[in-house]
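Coordinate inspection notes
One-letter residues, chain by chain:
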Amino acid sequence: MIDIPITHVFMISALLFCVGFIGVLARRNTLFMLMSLEVMLNAVGLAFVGAGSLWQEADGQIMFILILTLAAAEVAIGLALLIRMQHQRHNVDVDGLSQLRG
Amino acid sequence: MNIDWVFYFAALVAFIASIKVVTSANAIHALLYLVVSLLAVAFCFYLLGAPFAAGLEVIVYAGAILVLFVFAVMMFDLQGDNQPVLFQQSWLATWFGPLILTLTLAMLLAYILVTGATDSHIEVGVVSAKQVGIALYGPYLLAVEIASFLLLAGLLAGYHFAKSTSEGEHR
């Protein structure tokens, strides 16, 4: 449709992935870590769709759909764990989880 | 007509919104910026010739997953960082950043639709939903089955973990 060099798509994808990765490493709030994971998964999806449109195949979009499924399952389980954590500890700080016992 | 700059502009919007997701202090503001980031990436998908993926991104990601996020944050007060929820801030200050970014995306979309820049060679680079569906239920049928098992496992685990048990309460 438009002529974007595939390297530019990959560079944008890598930039978004790095932003999400820095978020996962730097934030200690588990909710923000989940959101940063979403940004990372999204960046990977962008790379897949870009590659799929480069070769004019549907496989890139299929991989994106599978990533979407993974993200849905991950958010469901992650938010359930967060709700449990909020009930028990009244915060969602990930460092508190190092004191798990039993 | 050269509309390459629209793609880079949408990517820039996605980048700025993602940085605001990572750096913002309030969970609701971060979720708003995450919605903007997902919409911008959906715009990039559309420009890359993947309209089906763009629709799925808007419907499933920005529509369903983010609503789940907002629902959980507001229902269970998952603010984190031990700071009070600031919903009574100045109206403009709260909404200004996401509003500007979303208006930018809307103007880009209007530009694309009005100029009809994509109509002339719509046949060339687009991978249609029909192709995706045929491939999905042909060679990738096993992957679809595994994805359905993954979703079932997510459903069961979400129910199991979020269910309040009696021994978990008095701690």
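Cut-offs and rules
- Residues numbered from 1 in each chain as written.
- Chains lettered and ligands numbered in written order.
- Predicted model: local features only at pLDDT ≥ 70, side-chain atom pairs only at ≥ 80, totals over all residues.
- Heavy atoms only, no water.
- UniProt positions renumbered as here; feature names shortened; annotations may be inferred.
- Helix = DSSP H or I, 4+ residues; strand = E, 2+ residues; numbered from the N terminus.
- Buried < 20%, exposed > 50% of the residue type's maximum accessible area, 1.4 Å probe, protein only.
- Contact = heavy atoms within 4.5 Å.
- Expected span 1.5 Å × (residues − 1).
- Arc of directions from axis to C-beta.
- Buried area = accessible area lost by both parts, 1.4 Å probe.
- Salt bridge = Lys/Arg side-chain N within 4 Å of Asp/Glu carboxyl O.
- Polar contact = N/O pair within 3.5 Å; in protein donor to acceptor, adjacent residues only side chain to side chain.
- Axes fitted to C-alpha atoms, helices over the stretch in contact; angles between N-to-C directions.
- Parallel < 35°, antiparallel > 145°, perpendicular 65-115°, else oblique.
- Left-handed = near helix turned anticlockwise from the far one by under 90°.
- Nonpolar A, V, L, I, M, F, W, Y, C, P; charged D, E, K, R; others polar.

Under an unreviewed UniProt entry, the name given to chain A is NADH-quinone oxidoreductase subunit K, and the organism recorded is Thalassotalea mangrovi. Recorded in UniProt for chain A, the comment headed Catalytic activity (unreviewed entry) runs: "a quinone + NADH + 5 H(+)(in) = a quinol + NAD(+) + 4 H(+)(out)".

Attention shifts here to the overall build of chain B. When its secondary structure is counted, chain B shows eight helices and zero strands. Counting from the amino terminus, helix and strand elements in chain B follow one another as α-α-α-α-α-α-α-α. Counting the 171 residues in chain B, one finds 42% classified as buried. Nonlocal contacts in chain B, meaning residues at least 24 apart in sequence, comprise 72% of its contacts between residues at least 6 apart.

Bringing the environment of Gly78(A) into the picture now. Residues and elements named next belong to chain A. Here Gly78 lies in helix H3 (residues 59–89). For Gly78, a relative accessible area of 12% corresponds to the buried category. In this structure the C-alpha to C-alpha distance between Gly78 and Leu31, which are 47 residues apart in sequence, comes to 8.6 Å.

Tracing the chain through its elements places Ser18(B) in helix H1 (residues 4–23). Classification of Ser18(B) as buried rests on a relative accessible area of 0%. Those residues in contact with Ser18(B) that sit more than four places away from it in its chain are Leu16(A), Val19(A), Val39(A) and Ser37(B).

Bringing the environment of Phe10(A) into the picture now. Residues and elements named next belong to chain A. Tracing the chain through its elements places Phe10 in helix H1 (residues 6–26). For Phe10, a relative accessible area of 37% corresponds to the partly exposed category. Spatially, the C-alpha atoms of Phe10 and Val44 are 9.2 Å apart, while their sequence positions differ by 34 residues. Those residues in contact with Phe10 that lie beyond four places of it in its chain are Ala47 and Ala51.

With that out of the way, let us pick up H1(A). Think of an α-helix as 3.6 residues a turn; residues three or four steps apart then line up on the same face. Taking 1.5 Å as the rise per residue, H1(A) with 21 residues should run 30 Å; its terminal C-alpha atoms sit 30 Å apart, in good agreement. Along H1(A), the residues classified as buried are Val9(A), Ile12(A), Ser13(A), Leu16(A), Val19(A), Gly20(A), Gly23(A) and Val24(A). The buried residues of H1(A) occupy an angular sector of 140° when the element is viewed end-on, so they sit on one face. Away from its buried face by more than 90 degrees, H1(A) exposes Met11(A), Ile22(A), Leu25(A) and Ala26(A). Packing partners of the buried residues in H1(A) comprise helix H2 (30–54) of chain A together with H1 and helix H2 (27–47) of chain B.

Next up on the list: the interface of chain B and chain A. Tallying the contact residues gives 74 residues for chain B and 59 residues for chain A. Taken over both partners, the interface formed by chain B and chain A buries close to 5900 Å², and the fraction arising from carbon and sulfur atoms is 73%. The tally of links from chain B across to chain A stands at zero salt bridges. Our count for the contact surface shared by chain B and chain A stands at ten residue pairs in polar contact (both at pLDDT 80 or more). Broken down by element, the residue count for the side of chain B that touches chain A peaks at twelve residues, all from helix H3 (residues 51–76) of chain B.

Residue and element names in this part refer to chain A. Between H1 and H2, whose axes approach to 7 Å, the crossing angle comes to 170°. As the angle between them shows, H1 and H2 are arranged roughly antiparallel. Pair H1 / H2 crosses with left-handed handedness. Contact residues: H1 offers Ile6, Val9, Phe10, Ile12, Ser13, Leu16, Phe17, Gly20, Phe21, Gly23 and Val24, while H2 offers Met33, Ser36, Leu37, Val39, Met40, Ala43, Val44, Leu46, Ala47, Gly50, Ala51 and Leu54. Residue classes in the contact of H1 with H2 are distributed as 18 nonpolar, five polar and no charged.

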